[in-house]
Amino acid sequence: MVLEQLGRALHGALQKITRAAHVDERAVKELAREIQRALLQADVNVELVLNLTKRIEKRALEEKLPPGMSRKEHVIKIVYEELSAFLGKPAPLQLEAGRSKVLLMVGLQGSGKTTSVAKLAAHFKKRGYKPAIVCADTYRPGAYEQLSQLGRQIGVEVFGDPNSSDPINLAKEGVKNFKKERAELIIVDTAGRHRREEALMKEMQEIAKAIGPDEIMLVIDGTIGQQAKEQAAAFKQATPIGSILVTKLDGTAKGGGALSAVAATGAPIKFIGVGEHIEDLEPFVPEKFVARLLGMGDLETLLQKIEEVAKEEKLKPADMKAMMTGKITLRDVYDQLEALSKMGPLRKIMQMIPGVGVSLPEEQLRVGEEKLKKFKYIMQSMTPQELDDPKIMNASRIRRVARGSGTTEAEVRELLKQYEMMKRFIKSFAKGRGPKLGQLGKMFRGGIGGERDPRKGS
Ligand SMILES: Nc1nc2c(ncn2[C@@H]2O[C@H](COP(=O)(O)OP(=O)(O)OP(=O)(O)O)[C@@H](O)[C@H]2O)c(=O)[nH]1
Ligand SMILES: [Mg+2]
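Residues numbered from 1 in each chain as written. Chains lettered and ligands numbered in written order. Predicted model: local features only at pLDDT ≥ 70, side-chain atom pairs only at ≥ 80, totals over all residues. Heavy atoms only, no water.

Asks: Please clarify how the site of ligand 1 should be interpreted in this entry.
Replies: In the neighbourhood of ligand 1, 21 residues make up the surrounding shell, with Gly112, Lys113, Thr114, Thr115 and Asp250 lying closest. A distance of 3.4 Å separates an oxygen atom of ligand 1 from a polar backbone atom of Gly273. A distance of 3.1 Å separates an oxygen atom of ligand 1 from a polar atom in the backbone of Gly275. Summarising the interface, the protein chains cover 84% of the accessible area of ligand 1, which totals 650 Å² for the free molecule. Looking at the shell around ligand 1, the element that brings in the most residues is helix α5 (residues 113-126), giving four residues. Here the shell around ligand 1 is composed, by residue class, of two nonpolar, eleven polar and eight charged. (Near = heavy atom within 4 Å. Polar contact = N/O pair within 3.5 Å; in protein donor to acceptor, adjacent residues only side chain to side chain. Areas by Shrake-Rupley, 256 points an atom, 1.4 Å probe, with all protein chains shown as cover. Helix = DSSP H or I, 4+ residues; strand = E, 2+ residues; numbered from the N terminus. Nonpolar A, V, L, I, M, F, W, Y, C, P; charged D, E, K, R; others polar.)

Asks: Explain the packing of α5 against helix α6 (residues 143-154) to me, please; I cannot follow it from the model alone.
Replies: The description of two packed helices rests on the angle between their axes and on the distance between the axes. Interhelical geometry of α5 versus α6 gives an angle of 20 degrees and a closest axis separation of 10 Å. For the element pair α5 / α6, the angle class is roughly parallel. Here α5 runs over α6; the crossing is right-handed. Only Gln146, Leu147, Leu150 and Ile154 of α6 make contact with α5, whose side of the interface consists of Thr114, Val117, Ala118, Ala121, Ala122 and Lys125. Partitioned by chemical class, the residues of the contact of α5 with α6 number seven nonpolar, two polar and one charged. (Axes fitted to C-alpha atoms, helices over the stretch in contact; angles between N-to-C directions. Parallel < 35°, antiparallel > 145°, perpendicular 65-115°, else oblique. Left-handed = near helix turned anticlockwise from the far one by under 90°. Contact = heavy atoms within 4.5 Å.)

Asks: Mind showing me how you'd approach the pairing of strand β6 (residues 243-247) here?
Replies: As a general feature of sheets, a regular strand has side chains that alternate between the two faces. Burial runs high along β6: five of the five residues are buried. Alternating residues of β6 divide into Ser243, Leu245 and Thr247 and Ile244 and Val246, and every residue in both groups is buried. Relative to β6, strand β5 (residues 215-221) runs parallel, the two being bridged by five bridges. Note on β6: the bridge partner recorded for Met217 is Ser243. Of the pairings in the sheet, the one linking β6 to strand β7 (residues 269-273) comprises three bridges and is parallel in character. Within β7, the position partnered with Val246 by the bridge is Ile272. (Buried < 20%, exposed > 50% of the residue type's maximum accessible area, 1.4 Å probe, protein only. Pairing = 2+ DSSP bridges.)

Asks: I'm lost on the sheet that holds β6 in this one. Help?
Replies: Strands pair in a sheet through their backbones, by hydrogen bonds, and they do so in one of two ways: parallel or antiparallel. With mixed pairing, the eight strands of this open sheet are ordered in space as β3-β2-β4-β1-β5-β6-β7-β8. Both outer strands of the open sheet, β3 (158-159) and β8 (281-283), are each paired with one neighbouring strand and no more. Across four bridges, strand β1 (residues 101-106) lies against strand β4 (residues 185-190) in parallel orientation. Of the residues in β4, the one forming a bridge with Leu103 is Ile187. The sheet strands contacting helix α7 (residues 167-180) are β1, β2 (131-136), β3 and β4, and the helix crosses β2 at an angle near 165 degrees.

Asks: How should I be thinking about the confidence of the model for the chain in this particular structure?
Replies: For residues with low pLDDT, the predicted coordinates do not support detailed interpretation. Mean pLDDT over the chain: 79, with 74% of residues reaching 70 or higher. Ignoring residues within four places in sequence, the model shows residues 312-318, a span with pLDDT below 50, making seven contacts including any to other chains. Segment residues 354-358: pLDDT under 50, and 14 contacts once partners within four positions in sequence are set aside and those in other chains are kept. (pLDDT = per-residue confidence, 0-100.)

Asks: Sorry, what's going on with the packing of helix α3 (residues 46-62) against helix α4 (residues 71-86) here?
Replies: The N-to-C vectors of α3 and α4 enclose an angle of 150 degrees; their axes lie 10 Å apart at closest approach. For the element pair α3 / α4, the angle class is roughly antiparallel. Crossing geometry of α3 relative to α4 is assigned as right-handed. Across the interface between the two elements, Leu48, Leu52, Arg55, Ile56, Arg59 and Ala60 of α3 pack against Arg71, His74, Val75, Ile78, Val79, Glu81, Glu82, Leu83 and Phe86 of α4. Here the contact of α3 with α4 is built from residues that sort into nine nonpolar, one polar and five charged.

Asks: Please explain the packing of aromatic side chains as it appears in this structure.
Replies: The description of an aromatic ring pair uses the distance of the two centres, along with the angle that the planes make with each other. For the structure shown, the criterion picks out three aromatic pairs. Ring centres 6.3 Å apart and planes at 80 degrees place the aromatic pair Phe124 and Phe271 in the edge-to-face group. Separated by 147 residues along the polypeptide, Phe124 in helix α5 and Phe271 in strand β7 bring together distant segments of the chain. Classification of Phe271 by relative accessible area gives buried; the value is 2%. Ring centres 6.4 Å apart and planes at 80 degrees place the aromatic pair Phe159 and Phe178 in the edge-to-face group. Placement of Phe159 in strand β3 and of Phe178 in helix α7 is noted, with a sequence separation of 19 residues between them. With a relative accessible area of 1%, Phe178 lands in the buried category. Each member of the aromatic cluster is reached from another via a ring pair, and the members are Phe124, Tyr129 and Phe271. (Phe/Tyr/Trp six-rings, centres within 6.5 Å; stacked < 30°, edge-to-face > 60°.)

Asks: I tried to follow the side chain of Lys101 on my own but got confused; where do I start?
Replies: Counting through the fold element by element, Lys101 comes out in strand β1. Note on Lys101: relative accessible area 15%, which makes it buried. A polar contact is formed between the side chain of Lys101 and the backbone oxygen of Gln94, at a distance of 3.2 Å. Excluding residues that lie within four positions of it along the chain, Lys101 makes contacts with Leu93, Gln94, Leu95, Glu184, Leu185, Ile186, Asp214 and Glu215.

Asks: Which parts of the structure should I look at to understand helix α18 (residues 395-405)?
Replies: Think of an α-helix as 3.6 residues a turn; residues three or four steps apart then line up on the same face. Listed in full, the buried residues belonging to α18 are Ile398, Val401, Ala402 and Ser405. Along α18, the residues classed as buried sweep out an arc of 100 degrees about the axis, all on the same side. Along α18, the residues that are exposed and aim more than 90 degrees away from the buried face are Arg403 and Gly404. Just downstream of α18 lies Gly406, where phi reads positive at about 70 degrees. (Arc of directions from axis to C-beta.)

Asks: Explain the side chain of Glu82 to me, please; I cannot follow it from the model alone.
Replies: The residue Glu82 is located in helix α4 in this model. Of note is the side chain of Glu82, whose polar atom sits 3.0 Å from the side chain of Arg59. With residues up to four places along the chain from it excluded, the contact list for Glu82 reads Leu52, Arg55, Ile56 and Arg59.

Have a look at this one:
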């Protein structure tokens, strides 16, 4: 699906910057250009794309680095934040127990209104609320039948009259009826087909005036691309759009069109439809959506965890000084491994590292975890003197440690090599730049996880 393509393109652009030797102006500009290309290909409106990438570029070049963050991490964070902001603020649909909320659904023919009405009713019924549905579509043949059937399926009452030709009166009566019945969410389904769009808009205006909805939700077909913007703007002119539901994001969706629509109305997306079935509805959370789109897992969580662990470790000033000058012992490495394991299983940590988690095969993660365990056994078999000064590890000491820890000499040597790498890693950590995600990734990928590049296959 096209959304996946967009995700891959954005992810690729970010990966490039993760691998770049230096994040300079040229790299940032190149990143902005690639993001532009990816969004345009996903059919996002040109002007919106230009504004977005200009902001990313400006922030990446001008903002001061937050302490403990590398330039790369900062750029990734900006892209993530700007894309999330582009999709609006998270805005869940909130109900109050015992109070009736009236939701008027509008949208063009075939956008998925009726299906979404049933999905929403089922969603809130499952959460313990009492929903009800009003059918105010007198144009579509069998509209009432379609809704009644869906209503029966999910056990939600439907108000309507297949013989009526007065949608305004139907809406009014239905809402009145369900308010009396103390329904907590009253969803009004409307017509999408009209000979002329103006007539449809006028009808929406009249219904809105008659029932005074708490919220008007615009349903947009996620597959229509750029037209979404015009459509949203037209509806917005007729009635105050409070929220958006984007449907069909499961198929060949040009999600970019929907993104444009949101920016055009200023109304938040509250739900997305991801299939034809009743349960194919998801509350929309911009950050989660973007993280999923970028395939970068939960970056925020990772950064937070690194901070917490660093705090927890409470490095003593003397240790800090030793580390800054590169005097790191294997004992420190052991402590680092301990700290790392406090962050959770390796595979979970890896999934949170942009550009690493998605490309590491499960098997390799398992091997990496095994290896970490072995390293710990090895270090447990070393004497305090050896731990404090790994340079004294000669062939006979290596042989002894291997035997004592139940590992091989090669594995002991690998740890010593690893130690050299960690030394550099911890040094950059101590300099206050924080551990670089790229280095962390390299460490596991190349060092602990094995030498081969997982993306090249095996
Ligand atoms: N794949 C997929 N199909 C959907 C989704 N939402 C709705 N549809 C399909 O889209 C078609 C139209 O859906 P309706 O709910 O009838 O659309 P409507 O807006 O009520 O249409 P009118 O009443 O004619 O204005 C149906 O075939 C639905 O099954 C979705 O999220 N994913
Ligand atoms: Mg319908």
